[in-house]
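In case you want the letters, here they are:
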Amino acid sequence: MSLTNLLDLLPVEIESLVESLGAPRYRGRQIADWIYRKGVTDLDRMTNLPRELREALAERASVDVPAVERRTPSQDGSQKFVFRFADGARVQSVLMPDGDRLTLCVSTQVGCGFGCAFCLTGAMGLDRNLTTGEIIGQVLGVVRTLPAGQRLTHIVYMGMGEPLANYRATVGSLRLLTDPQALGFSPRRITVSTVGLVSAIERLAHQDLRVNLAISLHATDNETRNRLMPVNKGFAIEELLAACRRFPLPFRQRMTFEYVLLDRVNDSPEDARRLARLLEGIRAKINLIPFNDWPGAGFSRPPVPRILAFQQTLLERGITATVRWSKGEDIGAACGQLSEAVVA
Ligand code: SF4
């Protein structure tokens, strides 16, 4: 019988598991405390649990934090982690310090099946979904490497894969991140990026998770977006933005729209004006991401004056628009645009 990864379970579900083994439910809370507060994942080291419970549990469950296969610091202070799972699959997570913020970008799938034309991850295709425990494992795996006293402040779901295409595991991991008995993050400090899966956005709207949503828009007309992002053939821009308008944004929160600037493809003054019009009525902010070239991409980065002019057009229309210049931020600025291929 394969072992249950306790990182797949909410604390309340760990309570039920220990109860099924004949132990009182509070033992489950103690286990969650070991894992998420004390960083102990070896059941044998959970010394306030009776030995019989530890032994019974070891026959049913384990705590699987994936191995860090490689850790690469980037010039701008960010660090890429390559995690390897038991089946040999690998994903990247990116740690990005920025002032008093420390943001971790996590992956939700091995590869991605959405095939956005400008995306390196998309060029790999989809290998498999990650489990809830494998998403949370990236967080715990990185936290282990932090110096004493340093804490993650933000989590973004912008690594490999489309989080909402792996809906169950993504929502499970969001519940663990925000559960006060587990990682206890404020939902305001968590952002889920999506390519625009309207049906999944509608489902998420009913979950009361209150996390931030980032929409990868990348074009202002359906013809261009169809070409850049095949998902647009199923959910056109109008339908996507209607779902964004219906999404219950918590008070003072804004929805982020990611927009990769591709030279002579989606960066014209008319595109900027149309983008401003499209977002009317949405509490929006825009991240403009000058394209980060990769071999064989077939796109290039617009010249700096064109990027600044695009931003200026949006600012003049009262829209918050920032440009993400540095490489580390690029990595985390839009779903799956990792600058390094990781092939399982
Ligand atoms: S941009 Fe996101 S959804 Fe599109 S192929 Fe890349 S990882 Fe997948």
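Please read all numbers here as calculations on a predicted model, not as lab measurements.

A. Main features of the environment of Arg-225. With respect to the helices and strands, Arg-225 occurs in helix H8 (residues 222-228). Under the relative-accessibility criterion, Arg-225 is labelled buried at 0%. Taking C-alpha positions, Arg-225 is 19 Å from Lys-285, a pair spaced 60 residues apart along the chain.

B. Looking closely at unusual backbone geometry. Phi at Arg-252 takes a positive value of approximately 70 degrees, unusual for a residue other than glycine. Considering the arrangement of structural elements, one finds Arg-252 in the loop between helix H9 (237-246) and strand S12 (255-261). With a relative accessible area of 67%, Arg-252 lands in the exposed category. Phi at Arg-264 is positive, roughly 60 degrees, even though this residue is not glycine.

C. Representation of the domain arrangement of the protein. Looking at the protein, the domain boundaries give domain 1 (4-62) and domain 2 (67-331). In this assembly, twelve residues from domain 1 lie in contact with 14 residues from domain 2. Of the roughly 1100 Å² buried between domain 1 and domain 2, counting both surfaces, carbon and sulfur atoms make up 60%. Among the residues of domain 1 in contact with domain 2, Leu-7, Leu-10 and Tyr-36 are the three that bury the most area, contributing 45% of the side total. At the boundary of domain 1 with domain 2, the tally comes to zero salt bridges. Viewed at the interface, domain 2 and domain 1 are joined by five residue pairs in polar contact (both at pLDDT 80 or more). Per element, the largest residue contribution to the side of domain 1 that touches domain 2 is four residues, and it comes from helix H2 (residues 26-36). Of the residues in the side of domain 1 that touches domain 2, the class split is seven nonpolar, two polar and three charged.

D. A look at the sheet that holds strand S4 (residues 79-84). Taken in spatial order, the ten strands of this open sheet run S3-S4-S5-S6-S9-S10-S11-S12-S13-S14, and their pairing is mixed. Edge positions in the sheet fall to strand S3 (67-73) and strand S14 (320-323), since each of these pairs with one other strand and no more. Shown here is a sheet whose adjacent strand axes are inclined to one another by a mean of 20 degrees, direction ignored. Summarising the sheet, strand S5 (residues 90-98) and strand S6 (residues 101-105) pair through five bridges and their orientation is antiparallel. Looking across to S6, one finds that Val-94 is bridged to Cys-105.

Thresholds applied
Position labels on residues start from 1 in each chain and follow its written sequence. The predicted nature of this model means local features are confined to residues of pLDDT at least 70 and side-chain atom pairs, given and counted, to a pLDDT of 80 or more, with totals for whole chains, interfaces and linings taken over all residues. Here the side-chain values reflect all heavy atoms present in the structure, with hydrogen atoms and water set aside. Here a strand is any run of E in DSSP of at least two residues, a helix any run of H or I of at least four, and the numbering for each starts at the N terminus. Only protein chains enter the calculation, and the probe is 1.4 Å; a residue is then buried if its accessible area is under 20% of its type maximum, exposed if over 50%, and partly exposed in between. Residue ranges labeled as domains rest on an automatic or database domain assignment. The contact rule is simple, with two residues in contact once any of their heavy atoms fall within 4.5 Å. Throughout, the accessible surface (probe 1.4 Å) given up by two parts as they are put together, summed over both, is called the buried area. We define a salt bridge as a side-chain nitrogen of Lys or Arg found within 4 Å of a carboxyl oxygen belonging to Asp or Glu. Here a polar contact is recorded for every N or O atom pair within 3.5 Å, except that within protein the pair must consist of a potential hydrogen donor and a potential acceptor, and residues adjacent in sequence are included only if both atoms are side-chain atoms. Gly counts as polar in this scheme, as do all residues outside two lists: the nonpolar Ala, Val, Leu, Ile, Met, Phe, Trp, Tyr, Cys and Pro, and the charged Asp, Glu, Lys and Arg. One requirement defines pairing of two strands: DSSP has to find at least two bridges between them. Convention adopted: a line fitted to C-alpha atoms gives each axis, helices being fitted over their contacting stretch, and angles between N-to-C directions are expressed from 0 to 180 degrees.

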